[in-house]
Amino acid sequence: MRAIGKRALVPVVLMLIGLGQLIYGAGFHSQSILIEQEPDAPPPMPRRFEPPSFIGPDGGPADFAPPPFVDMPPGAPSPPKTELIALAEPQMIHEVTIGGLTRLDTGQLKRTYSGAPPSGCPT
Amino acid sequence: MVAMANEKRKPFTVRLARERPWIQAIFLTIWLGPFLPRLHNVCSPVFHCYSCPWAAFACPVGVLANFSALHVFPFIAIGTVVLVGGVLGSFVCGYACPFGFLQDLVGKIPTPKFVLPAWAGHVRYVVLIAFALVIPYLYGEGHPLFFCSLCPAGALEGAVPNAISAAIAGNEVVWPNAVKLVILGAVVVAMFFTQRPWCTLLCPLGAVYGLFNRASVFFLGYNREECKACDQCDALCKYGVLPEPGVNAARCIRCLDCTRCGAISVGSILGPAERTKAGTRTGTGTSQDR
């Protein structure tokens, strides 16, 4: 019995270490990730009012059919919003399989894409 | 009693070794399951690229390299490898690894085979430390020597199929990294001339599992009473592992071909077989621990 215990000591310790790491990684380990959200669509610009002409193209009276409003040029897009989220390790594993995470020079982890994830690993 | 137990175990290990290609094929359908859900947030215990369109799990070496680049400790990848390695050691390499299965299939083609020297197995640790840990940690995932940028399994299972499917679909083709393709080509050519060149020379995951061979729950036991010093085990091992440095050597992939000699069998920490130590056989009819 003692011989079995002695023989089993190292494998059992290894298994417990592996199991402990798996449980901790799957259930408790997370990391702060900087994500860039898709910029919001710019708010619709007010349409410029264009008074209808009372004279038609043939010189006669106009039928007042042309739209009275004309679209203005679009406004400047708003800067992308960044947000810090806690990503669990299983999600981080999924992200790295598509090349979705990178480390900035500041040490901060950042998601490499915004919106739809890339379809495959970049390598 | 012990001898009887060993006699009962022998046919099982021999049968297991004989059925090994079928077992490998069954495992292949698990790692490469086109109809299985994509569990890319779970690490498999085998070397198999998650870029493969059919890959069901994440590759532990790819995760290790990427997490090293992120400076984050990969608890799940390390935990999976330690747990599986602690139970099975390199049985995973011999029976479950899809890239090993491919090499075994190519190795069946009758071409002259050379056995790599024992020291070549240490190159795997250089690959593990340099390309999967240090370079990613220091230079990030964009470095040309980042492990996944060199991996032949990634080229074969991910980059090439993805490029072909993009071409068939008429989409823009992203050509695979040339270095990766050259390494893949070299490994494929080497498969014809040596058994499992990737596993015995370069595989970082095999290097880790090899370390567990001396401390796993299941191991190869050597029965000195049965040994006739006939060198049959030496002849049966295609990888040049036996008789030195021992049946639980780090280079062994545990294919169990050597169990046909009768003196070597599978043991467990609960069974009667003794885990044997490294050593050499005298060749005088009596034998020392191996």
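Values in this document were obtained by computation on a predicted structure and should not be read as measured data. (Residues numbered from 1 in each chain as written. Chains lettered and ligands numbered in written order. Predicted model: local features only at pLDDT ≥ 70, side-chain atom pairs only at ≥ 80, totals over all residues.)

Core analysis: the largest hydrophobic core is formed by 90 residues, its most contacted members being Phe47(B), Val63(B), Val92(B) and Phe147(B). The leading source of residues in this core is helix α4 (residues 75-88) of chain B, at nine residues. Look past the residues within four positions of Val63(B) in its chain and what remains in contact with it is Ile93(A), Val96(A), Cys43(B), Ala58(B), Pro74(B) and Ala77(B). (Core = buried A, V, L, I, M, F, W, Y, C linked by C-beta atoms within 7 Å. Buried ≥ 20, exposed ≤ 12 C-beta atoms within 10 Å, placed from the backbone. Helix = DSSP H or I, 4+ residues; strand = E, 2+ residues; numbered from the N terminus. Contact = placed C-beta atoms within 7 Å.)

Tracing the backbone through its elements, the reader meets Val188(B) in helix α10 (residues 178-193). Distance from Val188(B) to Trp198(B), taken between C-alpha atoms, is 9.1 Å for residues ten residues apart in sequence.

Turning to the environment of Phe99(B), a few remarks are in order. Residue and element names in this part refer to chain B. Along the chain, Phe99 falls in helix α6 (residues 98-107). Owing to 25 C-beta atoms within 10 Å, Phe99 belongs among the buried residues under this scheme. Once the C-alpha coordinates of Phe99 and Leu28 are considered, the two residues, 71 residues apart in sequence, prove to be 9.3 Å apart. Once you skip the residues sitting within four places of it in the chain, Phe99 turns out to touch Phe47, His48, Ala153 and Trp198.

Residues and elements named next belong to chain B. Remark: helix α7 (residues 123-139) packs on helix α12 (residues 204-212), axes separated minimally by 8 Å, with the N-to-C direction vectors making an angle of 120°. Overall, the two elements α7 and α12 adopt an arrangement that is oblique. Read as a crossing pair, α7 and α12 show a hand that is left-handed. Residues Arg124, Tyr125, Val127, Leu128 and Ala132 of α7 touch α12, and the partners they reach there are Pro204, Gly206, Ala207 and Val208. When the residues that make up the contact of α7 with α12 are grouped by side-chain class, the tally is seven nonpolar, one polar and one charged. (Axes fitted to C-alpha atoms, helices over the stretch in contact; angles between N-to-C directions. Parallel < 35°, antiparallel > 145°, perpendicular 65-115°, else oblique. Left-handed = near helix turned anticlockwise from the far one by under 90°. Nonpolar A, V, L, I, M, F, W, Y, C, P; charged D, E, K, R; others polar.)

Bringing the confidence of the model for chain B into the picture now. The share of residues in chain B with pLDDT of 70 or more is 88%, and the mean pLDDT across the chain is 85. Low confidence marks residues 277-290 of chain B, where pLDDT is under 50. Its contacts with residues over four positions away, or in another chain, come to 31 contacts. (pLDDT = per-residue confidence, 0-100.)

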